[in-house]
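Structural features, examined
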Amino acid sequence: MTFPESGILVEAEAFNDFGGWVLDSQFETQMGSPYLLAHGNGVPVADATTDISIEEDGEYNIWVRAKDWVPSYHPGRFTLTVNAKTLKTEFGANDQDWNWQLGDRVELVAGKTQLRLHDLTGFCGRCDAIFLSRDDTAPPEAVDEETRAWRRKFLGLPDEAVDIGAFDLVVVGGGVTGAAATLTAARLGERVALIQDRPFLGGNASVEIGLSPRGVTGPLIDELSQRKPDGDLVAIQLLNADPNVTVFLEHTVYGTVTVDSTIVSVLARHARSGREIRISAPVFIDCTGKCILGLHSGAETMFGQESQAEYGESLAPTSRDNMHHGNTTFFRTRMADSPVPFPSVPWAIEVSKDFSDLRGQLRTPGRENGPGPVVVPPGHVPDPTIRQRMKGPLTHFWEYGQWLDPYTKAEHIRDHLLRAIYGTFSNVKTIEPQTYANLEFDWVAYVPAQGEFQRYKGDYVLTETDIRTHKKYPDAVVKNGGAFCLHYPGDEKYDFRLKFWEWDERDGKTYDVPFRTLYSVNISNLMMAGKHMSATHVAGSNTKFMGNCGQHAIATAAAAHLCHKYNTIPRGIYEKHLAELRDITVSITGPDTPVAPSRL
């Protein structure tokens, strides 16, 4: 394949001033790069600008990598201005997924040139990069290492990841789980590197999403889950204050170096600069909830729903399938002091049809299931088959992606949920225009609450029956609690709505989690904490609660400390040091940790 040999590559995430655009790096592994997103909820955002240096006078082809996220409707249109010249092309309007589009040919003189992204709609226009070239060769489209090497060359980045040294422990994933693992290990004296792909800690509890931990919490989880006035968790303050912790925010792990079933180091890329780093350690804990380290190192994993016959679970389906919990995007509305217009959104109403129920809002970070407008369309006939539980205003009723690949279709899943929110909002305002003339969006998340991905296979697989019978284990290390929480898609009219939600409180008592579910069966120095621990789909519907996941994290951090102390691997802790592992873990979690209320 022929690539451009010369030119100027400008990554949108490297712009000097984002204006009203936001950096969206969550789909980098799918589409190749972070990008700028015009997330204005129907109000065009302020221009993003940057200055570049032109070394040679002449005519330049201006290429822009963008995406038309709803083909045939083009809701995310924007323009590019080069100095005083606005290119004739409207980007995000060519019915194409991510692609390089030739915008225009512009005469430039040596010296400073300004680039300006101008949003036309407020509805999620997105720009990945701009390429200025003297020839007609298009930049590479593929998402692969060859294209990554091309980008590194034009950005002046080294061909190999920069080795920044070794730590006692590397934790990947900065949700509540990863923060708990890092804080625990650091307080036990370990030097810890925490790699988080977002600008905030907390995962589904972060200020970007706003849920609060459920299940078994305990003093450490309660400590790091407190919120500052802006809604952000105090976890980042606690970790930054600990001399044993180094936090790498906005770094996406894109690979591992693995030798003989042992991870030697991880490779991570910084979202804003593209700089790639390599971090080494004798032990790793995956707290991403996505099996990221396992997928790169060849760990054995499980996915989807196991059949009843496999583990004898009463809540499992008759046949195995690949259904999983989908993603959810939260929102909040308010009534303004005067009328607020909202653009026509046929591309969104196409998804939401006449759905006009905005209940189940996230009121503030940490407070879910809030009220909201609900309008009954003319001629509406209630469905008598809908169960009472599905009539409440619950945030997680807005869910999508259960039958899609959560790794490759995540951007589409997020976008579909945004279309549902915008369409529903429009329906409410148009069905009762006088009542809701002043209705406006207060906030809409562009980062979805993530559902279920692959799960690790450990030396033991926890099951529904184990939980119900309170099975005893020689290696029990922490307690989990709460209900089995199973989501079933299939609403006949609205594919972003659940058909049913199983909420089985069992006997309400906590149960033991064995250490063998918290380390990989085939990668010797890899532990896992969180919803991707070694459990079936049904059992995982309970162990997935963030409080429960935090308990796994504490146990794995204590085990990492003992691995360092005894120069062994996690399985070695199971075989020889269980008593010490339990003593350390209980000293942190407490002997009888309470279960956080369900709020359902």
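This is a predicted model, so every value here is computed, not measured.

Examining the sheet that holds strand 18 (residues 276-280)
Taken in spatial order, the four strands make up an open sheet running 11-18-17-16, and their pairing is mixed. The sheet is open, and its two borders are formed by strand 11 (162-166) and strand 16 (251-259), each paired with just one other strand. Looking at each pair of strands side by side, their axes are set apart by 25 degrees on average, direction ignored.

Some thoughts on empty space enclosed by the protein
Tallied over the entire structure, the rule returns two cavities of 30 Å³ or more. The volume enclosed by the largest cavity comes to roughly 40 Å³. Every residue lining the largest cavity is listed: Asp 357, Arg 359, Gly 392, Pro 393, Leu 394, Phe 397, Trp 398 and Arg 497. Grouping the constituent residues of the lining of the largest cavity by class yields four nonpolar, one polar and three charged. In this structure, the second largest cavity encloses a volume near 30 Å³.

Focus on a nonpolar patch on the surface
On the surface, Val 257, Val 259 and Val 264 cluster together into a nonpolar patch covering about 200 Å² of accessible area. Take Val 257: it is sitting in strand 16.

Overview of the side chain of Gln 196
When you line up the elements, Gln 196 lands in the loop between strand 13 (192-195) and strand 14 (215-216). Classification of Gln 196 by relative accessible area gives buried; the value is 3%. At 2.8 Å, the side chain of Gln 196 and the backbone oxygen of Phe 200 are in polar contact. With sequence-adjacent residues up to four places away left out, Gln 196 is seen in contact with Gly 173, Gly 174, Gly 175, Leu 201, Phe 248, Leu 249, Glu 250 and His 251.

Topic: the packing of helix 3 (residues 176-187) against helix 12 (residues 546-566)
In contact at an axis separation of 8 Å, helix 3 and helix 12 are set at 30 degrees when each is read in the N-to-C sense. When the axis of helix 3 is compared with that of helix 12, the two are roughly parallel. Note on packing geometry: the crossing formed by helix 3 with helix 12 is right-handed. For the pair helix 3 and helix 12, contact is made by Val 176, Thr 177, Ala 180, Ala 181, Thr 184 and Ala 185 and by Met 546, Cys 549, Gly 550, Ala 553, Ile 554, Ala 557 and Ala 558, respectively. Each residue belonging to the contact of helix 3 with helix 12 can be placed in one class, and the counts come to 10 nonpolar, three polar and no charged.

Digging into the sheet that holds strand 28 (residues 526-528)
With respect to topology, five strands assemble into an open sheet ordered 15-13-12-19-28, the strand pairing being parallel. Of all the strands in the sheet, just strand 15 (245-248) and strand 28 have a single pairing partner and so form its edges. Here the average twist between neighbouring strands, direction ignored, is 20 degrees. Bridge count between strand 12 (residues 169-172) and strand 19 (residues 284-286): three bridges; the pairing is parallel. Directly across from Val 172, in strand 19, lies its bridge partner Asp 286. Sitting on the sheet, helix 3 is in contact with strand 12, strand 13, strand 15 and strand 19, with an inclination near 170 degrees to strand 13. Across the face of the sheet, helix 12 comes into contact with strand 12, strand 19 and strand 28 while running at roughly 160 degrees to strand 28.

Some remarks on the state of the cysteines
On inspection of all chains with the given rule, the structure shows zero disulfides. Here Cys 287 stays unpaired: no disulfide links it, and the sulfur of Cys 549, its closest cysteine neighbor, is 9.0 Å away. Judged by relative accessible area, which is 7%, Cys 287 ranks as buried.

Here's the deal with the packing of aromatic side chains
Under the defined criterion, the tally for this structure stands at 27 aromatic pairs. Connected via pairs of aromatic rings, a cluster forms that spans Trp 69, Phe 123, Phe 342, Trp 347, Tyr 422, Phe 425 and Phe 441. The ring of Phe 167 has Arg 191 sitting right over it, with the charged end atom 4.9 Å from the ring centre. The ring of Tyr 254 is capped by Arg 269, whose NZ or CZ atom sits 4.2 Å from the centre of that ring.

Things to note about unusual backbone geometry
In the Ramachandran plot, Asp 260 falls in the positive-phi region, its phi being about 50 degrees despite a non-glycine side chain. Its location among the elements puts Asp 260 in the loop between strand 16 and strand 17 (262-270). Not every positive phi belongs to a glycine, and Asn 567 is a case in point at roughly 50 degrees. Looking at the secondary structure, you find Asn 567 in the loop between helix 12 and helix 13 (570-576).

Here's the deal with the packing of helix 12 against helix 14 (residues 578-589)
Two elements in contact, helix 12 and helix 14, have axes whose closest approach is 9 Å; the angle formed by their N-to-C orientations is 135 degrees. Considered as vectors, helix 12 and helix 14 are oriented oblique to each other. Pair helix 12 / helix 14 crosses with right-handed handedness. Taking contact as the criterion, the partners of Gln 551, Ile 554, Ala 555, Ala 558, Ala 559, His 561, Leu 562, Lys 565 and Tyr 566 in helix 12 are, on helix 14, Glu 580, Leu 581, Ile 584, Thr 585, Ile 588 and Thr 589.

Section: the domain arrangement of the chain
Domains assigned within the chain are domain 1 (7-155), domain 2 (163-307 + 467-478 + 508-589) and domain 3 (327-444). When each unit is reduced to the centre of its C-alpha atoms, the spacing between domain 1 and domain 2 is 37 Å. The interface is formed by 11 residues belonging to domain 1 together with eight residues belonging to domain 2. Roughly 890 Å² of surface becomes buried between domain 1 and domain 2 when both sides are summed, with 44% attributable to carbon and sulfur atoms. Three residues, Leu 23, Ser 25 and Glu 28, lead the burial of domain 1 against domain 2; their summed loss comes to 43% of the area buried on that side.

Rules of the game
Residues numbered from 1 in each chain as written. Predicted model: local features only at pLDDT ≥ 70, side-chain atom pairs only at ≥ 80, totals over all residues. Heavy atoms only, no water. Pairing = 2+ DSSP bridges. Helix = DSSP H or I, 4+ residues; strand = E, 2+ residues; numbered from the N terminus. Axes fitted to C-alpha atoms, helices over the stretch in contact; angles between N-to-C directions. 1 Å grid on protein atoms, 1.4 Å probe; cavity = no way out; pocket = protein on both sides within 12 Å on 5 of 7 lines; lining within 4 Å. Points joined across faces, edges and corners; volume = space filled by probe spheres on them. Nonpolar A, V, L, I, M, F, W, Y, C, P; charged D, E, K, R; others polar. Patch = residues over 30% accessible without salt bridge, like charges linked within 9 Å, V, L, I, M, F, W, Y side chains within 5 Å. Areas by Shrake-Rupley, 256 points an atom, 1.4 Å probe, with all protein chains shown as cover. Salt bridge = Lys/Arg side-chain N within 4 Å of Asp/Glu carboxyl O. Buried < 20%, exposed > 50% of the residue type's maximum accessible area, 1.4 Å probe, protein only. Polar contact = N/O pair within 3.5 Å; in protein donor to acceptor, adjacent residues only side chain to side chain. Contact = heavy atoms within 4.5 Å. Parallel < 35°, antiparallel > 145°, perpendicular 65-115°, else oblique. Left-handed = near helix turned anticlockwise from the far one by under 90°. Disulfide = S-S within 2.5 Å. Phe/Tyr/Trp six-rings, centres within 6.5 Å; stacked < 30°, edge-to-face > 60°. Lys NZ or Arg CZ within 6 Å of the ring centre and 35° of its normal. Domains from an automatic or database assignment. Buried area = accessible area lost by both parts, 1.4 Å probe.

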